[in-house]
Structures are given as structure tokens and as C-alpha cells.
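# Summary of structural features
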Amino acid sequence: MLKNQFLKTSLKKNSVSGFYMKSISLGLTIVLILLFRPLLYSQSLTGTIVDENNEPLVGVSIIIHELNRGTTTNLEGKFKIASLKKGTYHLHFTYVGYEASHQNIRLTEGETLDLKIQMKPTVFQLKSVFIETNPFKNGPVEHSQTIEVLDRAYMERYNAGNFANSIERLPGISSINTGVGISKPVIRGMSFNRIMVNDRGIKQEGQQWGADHGLEIDPFDVDRVEIIKGPASLIYGSDGMAGVINIRPAAPPSKGTTRGSVVNGFRTNNDMYSTSAFVETNQNDIIFRARLTYQRFGDYRVPAENFNFAGFILPIFDNRLKNTAGEERHFSITSGVKKDWGYSTVTVSQFGQDAGIFPGAVGIPNSFSLRHNGDNRNIEFPRQENRHIKVISNTNINIGGDWLEIDLAYQNNLRNEKSFPDFHGVEPRPDNNLALGLDLDTYTANVRYNRNTSEKKQIIYGLMLQYMQNRQEGFEFLIPNFSTFQYGAFYFQEYRWKPNLIINAGARWDGARHDIQEHLQPVYERLRFTGEFDQRNPDIDEFFQNASVSMGLSWIPHENWNLKVNLGSAFRIPTAIEMSSNGVHHGNFRHEVGNPELTPERSYQADLNLTYSSRKFLVSIMPFWGYFDDYIYLAPSPRFSRLPTGGQLWEYRQDNAIFTGTEVKFDYSPIKGLFFRTAGEYVYNYNLNTNLPLPLTPPLSFLQSIEYNFPDFLSGTNNWYAFFEVRWAADQNRVDRNERTTEGYTLLGAGFGFDFSVGNQDFNFQANAENLADTFYLNHLSRYRLLNLPEQGRNFSFSLKVPFGNW
């Protein structure tokens, strides 16, 4: 009865809130369009693009960033974009095998501007991309921080079944895993609320404080990922202290185009099959795109028949971890307009996941609870059911030559963890299976005004507002009801001092208020209410505010060299969860206790990036250093929970700490199509109060690969590639008190793919292999590491993409 009422109330609230948010977003979009729509556009842009020998390049892509509008060069290397409003524009020029080029232009009334662009050949991606989410719309060379850019081709080639695992091939990026289907990213040893994930310009809010709470992102609905490694609080807010992951949609198709694709995949380890269908169109500058994804997977296999927990040898039947099966259903729909004054879109999406939780994670593992019923695809108790709904409005408008960007969003995250109540010793026995229900509403508004005062100087003014409200339900308690209001305002400036020297600086002011409600739990004795209550957390009403500053430079002393330096000081607001949690977190096998006396963190960070790049060779060294005053972290204590099956107590603490380390990248292409790549990372941290390392630190690791892109050799096929890779991780012996050490490991992987045609229909086929040697290993960042459970064994994955329309 209680469960049904909770679900009905949540669904009703989701529907009403989503309707109002969409109505508000659409209404604001219409008002802005009517207010700023010009009557006449008489400016135009023409140009010619040539190679280093002044020969015309055919098919070069030209994109006007602010309009998401573009064209390609003709047989003479020429292009033309007509009917533009006067103002400042940022142009991107991209062509396969050549360095990307970009240029700022200003069109005056009645002007026709003619450009000549010369592009240089390259084999490395670093010089062939531009940064969409960089506020100044320039490339990675001009930016003062280390940025990694991944496109759709990369995400499809290395799709690991979820978003976080698909990006951890990059140096400095790892993931915290709970089984196969649930993971979250780690940047330079930091995660949770120190990393921001922005989807279409909006911060993803979905109970990201939990290590067993995966990232609610459809891996098929990702066209472009830009990862900022290092402090990014000034532009994005206090949660960007360790880095930001920006997920961007693809540029809309040109006018009159309709296209799409269907991708089918299969993974052997957990018998996962997936299907994702996509379609988009542009009719008279009215844009529409939609995606529907379904994934179903069974219990995953490990290279072990038993595991050791607290001295007991427990079975793993048929090499499969019981109840790790799951099902996912996702959709997204985008509609909007793309005009010469800018563009405006509204996106509605839902991420849905039902996943089993390994029975050993709830209570104390025993042979009876691990006994298998023979159905490897059944999702039993304990389980988690997650729904994440987003309504996002993105608008970009030309105002007197400058640009106003407005991002509005409503999000609802509904998380239900279900279990048998007798596992937890709760009295009296509940009449439903809802152990923990968390219902989070988030309203967000981001406004940025981009002003180009001259060819050398750009300025951005920004404002952020966010309101969150969380409600909890169920027969277990972990976090209370609370609401949080946050705001932030920033000023950021970039100045091109010399053609080869770009500097930037800025400041930001943030504030937040937490209103956390007291939670009282009735005390029972022999199934009778005693009239007394146990206070799980007190009333908390706290307000925090402070400033962040940053400055950096990018120096290009020679066309082959680039030096980046970035310095910053930021502060992070303690979250409501860090201040008030008090309960058994079964997905993490521990009792977590918050601290209402927490104060904001203050960091002082420095990043350096030195890169040498030639036509066949690229090497980057990226050291970083940070001092954190009152660093907040969750650490194991020597005490145990007084709650039944609560396990060890983990407490939120504050200490001064140092984070330092480095990343390296080495790429070499001795002949056309052949690539040797090495990427490595090392993170060192030190707690200045305990003189110990901080918990959950990734080990030293390297990824080495060789890849060859074959010339066409088989009739009816093209774009063949193959790769082989070795991932090596060292022992992690630097651990916090009461944290276990983890042995190192070596993993082998490989893959290949090609395009082919049947009649007039094109296809793309890809095959990958992970853990080829079926190696038994423990991941230091895996939540199952606490149970001595190994990671998944050998896994082969296959995908077939069927595109249609004009690509």
C-alpha cells in the first residue's frame, strides 16, 4: 500500500513538474525569439580553403559555432554562407587528416567578408578538434587547461556498456564500479561531488554521492565528450573542483536533410544485447531528433568459483555473480529552431534502469543467499530501480553582435532500492519491499553573456541558479529530507597578448543554503512502540559563500610546442549528504555517518601541460599539484554499526591534504595508418593530519596500444582497422587506515572493424575483446573489492550499425 502510494505520488509529481517546466522553457524561448528577431540579414561570408601547397580542399566542414550552422567547400575549395546578421562569429574548419582551424570574425552592416584559410596535415587528434564547451570557442591549443575530446566514432568503437567505463581509456580517467552495469567517473583520484557531468549545458543531478549510484546517461546518446581535467570551478561552479565532463549533442543536419541509424550490439560475458535507434531531420530550419535505446543483460561471469569473505570461502555458482542482471530503457526527443539570429531547442529525455544487487551486498554473505535458482537473467531482490527525467532548454541569441546563452532545466531523479525487510531486522516488519526511496527534484538556470570587445579580447559574464529538493521513503534510513538553493556569478576574460600567447583570468562568487530536516526513528521493543525516538540527524540550516579565482596561459613558442599553465583557488560547499547521512548503505557494504559541523573546502591548485607535436610524433606531460584545506572525505573507522548487518562505520571527516601526480601521453605514427600509443597516470595524495594516504586512490597504470588502419583490400568493404592493447596496473599499497591493499594486474584487449555495403545499404561492423586472458584481478576502486570479488572475465562484444539517409 505504502509503496503504491509513493510511486503514484512520484509519477504524478513528475508529470506535472515536467509539464510546467516545458511550458516555461517554451514560453521563454518564444518571447526571446520575438524580442530579438531581426527584419533583414544582408551580410554574407565567402572563402577559399587550401592545403599547404595552395591546392583546394574539397569537402572541408565549416561551422558557425553560435548558430550551429555550416556548409562544405566545393570542387574549387570555395564556400559561401549568406543571410547573416551583423555581429561576431566563431568559425570552425575541420577536415580529416588536417589540423582544425578556427577564426573569429566580425560582420558589419551590409558587409561581404572573403576569407582564405590554409590547413596543415596531421595524423593526431589533438590538433584536429575544437572545444565546443570552452566559453571562448577556441581549440585545445589555446585553452590553458588539459582537455580531452571524444567524438561519436570513439564512443562507438570503445562502448563498454555504460558511459563511465567507455571513457576510462584516457590518462587521468578511471571509474568506480559496482558490478558491470553501474559505474561513475574518477578524474585524478577524485569523484562524487568533485566532478561535474554536464549534459547539454546542465549539471546532472542524480544522487551522485553514492558509489553504487551509476551515471544516468545513455551511452548511445553521446555524440561528443569534452573532459576538462583539473579545477574548473570558476566557469562551472564549486562541484567542478577536480574536473568537468561535458556531453554535447551533434550539430543539427543541414536544411532539408533527414537521416538516422540503428545500432545492435551483443556482449558475451553477461549475454547483453542492446538496440538503439536514432533519427533526425531539419525541415526549413525546424529541427527534430529522437533516440530510443534498450539494453538487457544477465549475471556477469568472473574467473573464479569462490571468494573469501571474513575467512569464509563462499561459492560462485557457474562462475556467475548471482543477481547482477539488469534492464535499461532510455529515450530522448529534441525539437527546436535554427535561424540566423541563433537557435533554440528543447530536449526531453528519460533514463530507466532496473538492476539486481549482488546478495552479498545486503547483510552478511552466506552460502544460502548465494544459491542460484538457474535463471541468469532474472532480477531478484535486492534490486534498484532508477528513473531520471530531464527537460532541457538551450537558447543562443545574437544581441548587437554579442551572444546571449540561456540554459534552463528541470530534472527528477527517482531511486528505489528494494529488498526483503527481514534482512535488516526492522521492527515491526514492513508490509512492502521498499527499503530506500529517494526522490530528487532539481531546477537549474544558467545564463552567459559572451562579448567580443576586440579581435584580441573576449569577456564572459555568467549567472547560475539551482534549487534542489529531496524526499526519502522506505523502511531504511540513509539521508533525510532536505532542500538546497545555490547561486553563482562569474567574470572571465581571455586576452591574446601576442599571436602565440593567450592569457585568461577570472573570478566567481558562490553561495548555498542547506535546509535539512530532522529525522526521528521510532524505537520498538518486542514489536511494541516505546514512545521514544532515535534522532538519526538533527535539524540543520546552514549558509555558505565564498570566492574562486583562476588565471592561466597558453604559450606557443614554436609551431611544434605548446605550454599551458593554469593556477586557481576554489572552494567547495559541503553537501547535505556529507552533513546529515546516518544509515546502512548496502550498495557500499557499510554504515555511513555524516558530520553537521563540516565547513567548506578551500583548494589551491596548479596544472602544467607541455606538448610537442609534429606530423608523426606527439608527446604530452601533464603534472598537477593541489593543496586542500579541510578536504572532506569518507573514511573507514575502527567502530562497527549498532544496526543489524550494518557492518563497519565510515565517517565523513575533514583534514588538510595534498593531491599531486602526472599524466603522460605518447603517440607515434611511423608510416601512414600505423599508430603506437602509450598513456599513463599516477596519483599521489597525502593526508597532512593522519600522515596517511586518502582512501580509494587509483594505482599507477599504463595503457599501451598499436593500431593499424588498412588500405582498402577487400572488395565491397573499406575503412578497416585493428588494434591490440595492454593495460598494466601496479600494486596499490598506499592505503588509508583500515583500507585493504590491492595487487596489480595486466589485461589484454583487441578489436577490429570495417564498413561494407549490401546493394545501396551501408553497414558498419565492430568487434572488441576485453580481458582476453580471462585474468583474475581485483579493481581497487570497485565496491565489490570489499568482498574480494574479482572483476568480469573474458568478454567479446559485437556491434552492427545501419545508417540511413544523407550522412
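This is a predicted model, so every value here is computed, not measured.

## What to know about the overall build of the protein chain
Assigned secondary structure in the protein chain consists of 5 helices and 42 strands. A burial count over the protein chain gives 58% of its 807 residues as buried. Contacts in the protein chain between residues at least 24 apart in sequence constitute 67% of all its contacts with a sequence separation of at least 6.

## A few points about the nonpolar core
Within the largest apolar cluster, 33 residues are counted, with the highest numbers of intra-cluster contacts made by M155, F163, I167, V225, I227, I245 and Y631. Of all the elements in the fold, those that place two or more residues in this core are α2 (152-157), β11 (195-199), β13 (224-229), β14 (243-248), β35 (617-640), β36 (648-668) and β39 (717-729). Per element, the largest residue contribution to this core is 5 residues, and it comes from β35.

## Examining the pairing of strand β17 (residues 286-297)
Inspection of the sheet shows strand β16 (residues 272-283) paired to β17 by 11 bridges, in the antiparallel sense. Bridge pairing links S276 to T293 in β17. Once β16 ends, the chain turns through 2 residues before running back antiparallel as β17, passing N284 with a positive phi of about 55°.

## Remarks on a nonpolar patch on the surface
Judged by side-chain polarity, F666, Y668, F676, I706, F724 and L748 come together as a nonpolar surface patch covering roughly 460 Å² of accessible area. Position of F666 among the secondary structure elements: in strand β36.

## Notes on the pairing of β14
Burial analysis of β14 places 5 of its 6 residues in the buried class, which makes it a mostly covered element. Direction of pairing for β13 relative to β14: antiparallel, over a ladder of 6 bridges. Note on β14: the bridge partner recorded for R224 is R248.

## Things to note about the sheet that holds β11
The pairing of strands in a sheet comes from backbone hydrogen bonds and takes either a parallel or an antiparallel form. Spatial ordering of the open sheet is given by β8-β13-β14-β11-β12, a layout of 5 strands whose pairing is mixed. The strands lining the two open edges of the sheet, one partner per strand, are β8 (146-151) and β12 (202-203).

## With respect to the side chain of T444
The residue T444 is located in strand β24 (residues 434-452) in this model. Setting aside anything within four residues of it in sequence, one finds T444 in contact with I202, D407, L408, A409, Q411, L465 and Q466.

## As for the packing of aromatic side chains
In total, this model carries 32 aromatic pairs according to the counting rule given. Pairwise contacts between aromatic rings join W720, F752, F754, F756, F763 and F765 into one cluster. Note that R157 overlies the ring of Y721, its terminal NZ or CZ placed 3.5 Å from the centroid. Stacked on the ring of F723, the Lys or Arg R169 has its end atom at 6.0 Å from the ring centre.

## Considerations on the pattern of salt bridges
In total, this model carries 45 salt bridges according to the counting rule given. Note that R152 and D223 form a salt bridge whose closest N and O atoms lie 2.7 Å from each other. With R152 in helix α2 and D223 in the loop between β12 and β13, the pair connects residues that are 71 residues apart, well separated along the chain. Using a relative accessible area of 16% as the deciding quantity, one classes R152 as buried. A cluster of three or more residues bridged by salt bridges with shared partners is formed by E148, R188, K229, D607, E663 and K665.

## Side note on the sheet that holds strand β1 (residues 43-50)
Reading across from one edge, β4-β1-β7 is the order of the 3 strands in this open sheet, with mixed pairing throughout. Taken across any chain shown, the strands that pair with only one partner, and hence form the sheet edges, are β4 (78-84) and β7 (112-118). Direction aside, the axes of adjacent strands within the sheet are offset by 15° on average. Direction of pairing for β1 relative to β4: antiparallel, over a ladder of 5 bridges. Paired with Q43 across the bridge in β4 is L84.

## Section: the environment of Q766
Looking at where Q766 falls in the secondary structure, it is placed in strand β41 (residues 761-770). Note: C-alpha distance between Q766 and R157 (609 residues apart in sequence) is 6.9 Å. In contact with Q766, other than residues within four places in its own chain, are E156, R157, Y721, F752, G753, S797, F798 and S799. Looking at Q766, its side chain comes within polar contact range of the side chain of N764, at 3.4 Å.

## Section: the environment of P711
With respect to the secondary-structure elements, P711 resides in the loop between β38 (701-709) and β39. On the basis of relative accessible area, P711 is assigned to the exposed category, the value being 52%.

## Examining unusual backbone geometry
Here the residue pair F381 and P382 is connected by a cis peptide bond, since its omega of 0° sits within 30 degrees of zero. Locating P382 in the fold gives a position in the loop between β21 (342-356) and β22 (383-399). A positive phi angle is found at R188, which is not glycine, with a value near 55°. Structurally, R188 can be placed in the loop between β10 (182-187) and β11. Of note, N719 is a non-glycine position whose phi angle comes to about 55°, a positive value. Tracing the sequence through the fold places N719 in strand β39.

## As for the environment of T122
Here T122 lies in the loop between β7 and β8. C-alpha of T122 to C-alpha of R615: the two residues are 493 residues apart in sequence and 5.2 Å apart in space. For T122, the residues in contact, after removing those within four places along its chain, are G97, Y98 and E99.

## Regarding the confidence of the model for the protein chain
The pLDDT averaged across the protein chain works out to 86; a share of 90% of its residues lies at or above 70. Under a pLDDT of 50 for its full length, residues 1-17 has, in the predicted model, 22 contacts with residues more than four places off or in other chains. Long-range and interchain partners of residues 31-40, a stretch whose pLDDT sits below 50, account for 11 contacts in this model, where long-range means more than four residues apart.

## Some words on the side chain of S332
Looking at where S332 falls in the secondary structure, it is placed in strand β20 (residues 326-339). Looking at S332, its side chain comes within polar contact range of the side chain of D221, at 3.0 Å. Setting aside residues no more than four positions away along its own chain, S332 makes contact with D221, R289, A290, R291, V348 and S349.

What counts and how
Residues numbered from 1 in each chain as written. Predicted model: local features only at pLDDT ≥ 70, side-chain atom pairs only at ≥ 80, totals over all residues. Heavy atoms only, no water. Helix = DSSP H or I, 4+ residues; strand = E, 2+ residues; numbered from the N terminus. Buried < 20%, exposed > 50% of the residue type's maximum accessible area, 1.4 Å probe, protein only. Contact = heavy atoms within 4.5 Å. Core = buried A, V, L, I, M, F, W, Y, C linked by side-chain atoms within 4.5 Å. Pairing = 2+ DSSP bridges. Patch = residues over 30% accessible without salt bridge, like charges linked within 9 Å, V, L, I, M, F, W, Y side chains within 5 Å. Areas by Shrake-Rupley, 256 points an atom, 1.4 Å probe, with all protein chains shown as cover. Salt bridge = Lys/Arg side-chain N within 4 Å of Asp/Glu carboxyl O. Phe/Tyr/Trp six-rings, centres within 6.5 Å; stacked < 30°, edge-to-face > 60°. Lys NZ or Arg CZ within 6 Å of the ring centre and 35° of its normal. Axes fitted to C-alpha atoms, helices over the stretch in contact; angles between N-to-C directions. Polar contact = N/O pair within 3.5 Å; in protein donor to acceptor, adjacent residues only side chain to side chain. pLDDT = per-residue confidence, 0-100.

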